[in-house]
Amino acid sequence: MHNLLFRLDPALQQLLARAAELAPTVNATVWLVGGVVRDLLLELPIGRDIDLAVEGDVNQLAPLVAEAWGGHITARHPPFGTATIVVDQWLIDLAQTRTERYPRPAILPEVQPAPLALDLYRRDYSINAMAIRLAARDGQLLPMPLFDPLGGVADLAARRLRLLHDQSLRDDPTRLLRGARLASRLDLTPDRATAAQIAAALAAGYLALLTPERIQTELCLTLAEPDPAAVVALSDQWGMTEQLIPGLRWTPALAERLARYRNDEYGIAALAPAEMVMAGLLLYDLSDDELAMFLQRYHLPTTIRHLINDLVSLRRLTAALTAAASPSELDKLLQPYSVPAIAVLHFASNAPMQPAIARYLREWRSLRPPLNGDDLRALGVTPGPRLGQLLHELRAATLDGLITDRAAAEQWVRQQLANS
Ligand code: ATP
């Protein structure tokens, strides 16, 4: 337990040691807290987000630390005593230890400086409420005991998800989504009281009190999870997905589609951003009305809006796509839509359609005919709509394998000119 900090990247250890040495110069104490401590205990890889709790004045400490690290402060909220420092690959958050009071459910809390023990108590789950004080000598971190007043270690050992007080989900319903992510990622089960609180919070409709932006942030974090599908499955089991995205349900069809995406037999996954494909696959079965409501409720990035609009049109094409007799026909149908949307269609399609859509994405979509506009002009085609039409037909004939090289293409053009 004492050696936990020594599992951190040595360069990060050096930075933390420097912060520990500077803290007493402004009468502050610095603690490593939250997810990093949890993940150190679980021997999981540590990401780039590092959280430090500061007993003392962050507004004084942050500039000193940033300068000593050769990093820079990217965000700062002096009234809240928080600052974010970017240094090397890390994003290090410094936050003054505080208590929180929620005058009304689901709004941002009023905060007040407080000792670390109270700061840990305001956190979401016991496994996220552990800390290690940072102390250093001669530029090296010293081994320090884990501070675990709320029983996080025991809960981790028992794979237990446990809220810290009984108003927690009412105060901040985003903890419901955080809980589903954590439980799914770390294979945790809510203890009896927490399970009851989750059920009660959902029954009371607390999620509806959150602004769409806050829910959306959590949904994006879900999509960025190693296994977003597992989070959706668990959220549905808790009865939560229906409140977040009406129409989204964990079904065998969805599971099968996501499994197809994981297996990625045709090497399509790398062609589009994973989060876009995942979002599309999850939303694929929602009705047009449900999708319209989803678009109305959340202020989604344009890329996702386009994706959803494309999917609404694409899934209507299933019969036409199945009937398409040649690559050029398929190309004509799919050409107006974005690659991520067609990738979603690929994974959502039945087995016989998948190879053709995959070939479209991997080869046909970007296929150029052997001749371009200049070549056509050199062959005597006058610039204008006819040239565009010939190029189009040339590409279709190339797609269908009727033209395989430049010589055949030239001959084809001459023939067209002779016929016209
Ligand atoms: P992850 O691995 O998902 O990034 P994390 O625990 O590091 O997990 P952060 O969102 O970076 O997640 O939060 C850092 C810490 O802040 C948490 O570990 C938890 O102690 C606390 N925290 C974050 N969000 C909340 C919240 N909504 N309510 C209470 N405490 C929170």
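Keep in mind that this is a model prediction, so the values were computed, not measured. (Residues numbered from 1 in each chain as written. Predicted model: local features only at pLDDT ≥ 70, side-chain atom pairs only at ≥ 80, totals over all residues. Heavy atoms only, no water.)

### A few points about the overall build of the protein
Scanning the protein from terminus to terminus reveals 22 helices and 13 strands. Computed over its C-alpha atoms, the radius of gyration of the protein comes to 28 Å, more than 25% above the 22 Å expected for a compact globule of 420 residues. With the C-alpha coordinates aligned to their principal axes, the bounding extent of the protein is approximately 90 × 50 × 35 Å. Taking all 420 residues of the protein together, 47% fall into the buried category. Pairs at least 24 residues apart make up 66% of the contacts formed inside the protein by residues separated by at least 6 positions. Surface accessibility of the protein: about 20,000 Å² in total, with carbon and sulfur atoms responsible for 53%. (Helix = DSSP H or I, 4+ residues; strand = E, 2+ residues; numbered from the N terminus. Rg over C-alpha atoms; globule rule 2.2 N^0.38 Å. Buried < 20%, exposed > 50% of the residue type's maximum accessible area, 1.4 Å probe, protein only. Contact = heavy atoms within 4.5 Å. Areas by Shrake-Rupley, 256 points an atom, 1.4 Å probe, with all protein chains shown as cover.)

### Observations concerning the packing of helix H1 (residues 10-22) against helix H3 (residues 58-69)
Direction vectors running N to C along H1 and H3 enclose 140°, while the axes themselves pass 10 Å from each other. The angle between H1 and H3 falls in the class oblique. Here H1 runs over H3; the crossing is right-handed. The residues of H3 that touch H1, namely those facing Leu15, Arg18, Ala19 and Leu22, are Leu61, Leu64, Val65, Ala68 and Trp69. In terms of residue class, the contact of H1 with H3 is made up of 8 nonpolar, no polar and 1 charged. (Axes fitted to C-alpha atoms, helices over the stretch in contact; angles between N-to-C directions. Parallel < 35°, antiparallel > 145°, perpendicular 65-115°, else oblique. Left-handed = near helix turned anticlockwise from the far one by under 90°. Nonpolar A, V, L, I, M, F, W, Y, C, P; charged D, E, K, R; others polar.)

### Brief notes about the packing of aromatic side chains
Within this structure, the stated rule accounts for 3 aromatic pairs. Seen from their ring centres, Tyr261 and Phe347 are 5.1 Å apart, and the 70° between their planes marks the pair as edge-to-face. Taken together, the positions of Tyr261 in helix H12 (residues 252-263) and Phe347 in helix H18 (residues 339-348) put the pair 86 residues apart, joining distant regions of the chain. (Phe/Tyr/Trp six-rings, centres within 6.5 Å; stacked < 30°, edge-to-face > 60°.)

### Remarks on the sheet that holds strand E3 (residues 72-77)
Spatially, the 7 strands line up as an open sheet ordered E3-E4-E5-E2-E1-E8-E11, and their pairing is mixed. Each edge of the open sheet carries a strand with a single partner, namely E3 and strand E11 (146-147). Pairing analysis gives 6 bridges linking strand E4 (residues 82-87) to strand E5 (residues 90-96), with the strands arranged antiparallel. Directly across from Val87, in E5, lies its bridge partner Trp90. (Pairing = 2+ DSSP bridges.)

### Overview of the nonpolar core
Counting residues in hydrophobic clusters, the biggest one holds 118 residues, and the most contacted among them are Leu32, Leu52, Leu61 and Ile92. Aside from chain neighbours lying at most four places away, what touches Ile92 is Leu12, Leu15, Ile50, Leu52, Trp69, Ala83, Thr84, Ile85 and Val87. (Core = buried A, V, L, I, M, F, W, Y, C linked by side-chain atoms within 4.5 Å.)

### Focus: the packing of helix H7 (residues 174-186) against helix H9 (residues 212-223)
The contact between H7 and H9 brings their axes to 10 Å, and the two run at 5°. Taken together, the axis directions place H7 and H9 in an arrangement best described as roughly parallel. Packed against H7, whose contacting residues are Thr174, Leu177, Arg178 and Arg181, the element H9 presents Arg214, Glu218, Leu219, Leu221 and Thr222 at the interface. For the contact of H7 with H9, the per-class residue count stands at 3 nonpolar, 2 polar and 4 charged.

### Brief notes about H9
When the terminal C-alpha atoms of H9 are compared, their 16 Å separation across 12 residues agrees well with the 16 Å that a helix rising 1.5 Å per residue should span. The secondary structure elements touched by the buried residues of H9 are H7, helix H10 (228-237), helix H11 (241-244), helix H13 (274-283) and helix H14 (288-297). (Expected span 1.5 Å × (residues − 1).)

### Description of the domain arrangement of the protein
By domain assignment, the protein separates into domain 1 (4-158), domain 2 (162-244), domain 3 (246-319 + 334-362) and domain 4 (373-419). Look at where the C-alpha atoms of domain 1 and domain 4 centre, and you get two points 66 Å apart. (Domains from an automatic or database assignment.)

### Thoughts on the site of the ligand
Neighbouring the ligand are 13 residues, the closest being Arg38, Asn128, Asp172, Arg175 and Arg185. Contacts to the ligand include Arg185, whose side-chain N or O atom sits 2.8 Å from an oxygen atom. Coverage of the ligand by the protein amounts to 73% of the 600 Å² it exposes when considered alone. Among the elements that line the shell around the ligand, the one with the most residues is H7, at 4 residues. Residues belonging to the shell around the ligand are distributed by class as follows: no nonpolar, 4 polar and 9 charged. When residues of the shell around the ligand are assigned to domains, at least three map to each of domain 1 (4-158) and domain 2 (162-244). (Near = heavy atom within 4 Å. Polar contact = N/O pair within 3.5 Å; in protein donor to acceptor, adjacent residues only side chain to side chain.)

### Regarding the side chain of Asp124
Mapped onto the elements, Asp124 comes out in the loop between helix H4 (116-121) and strand E8 (131-133). Within the local environment of Asp124, its side chain forms a polar contact with the side chain of Asn128, the two groups lying 3.1 Å apart. Engagement of the side chain of Asp124 in a polar contact is seen with the side chain of Arg178, the distance being 2.6 Å. Beyond its immediate chain neighbours, meaning those up to four positions away, Asp124 contacts Arg162, Leu163, Leu164, Ser168, Arg175 and Arg178.

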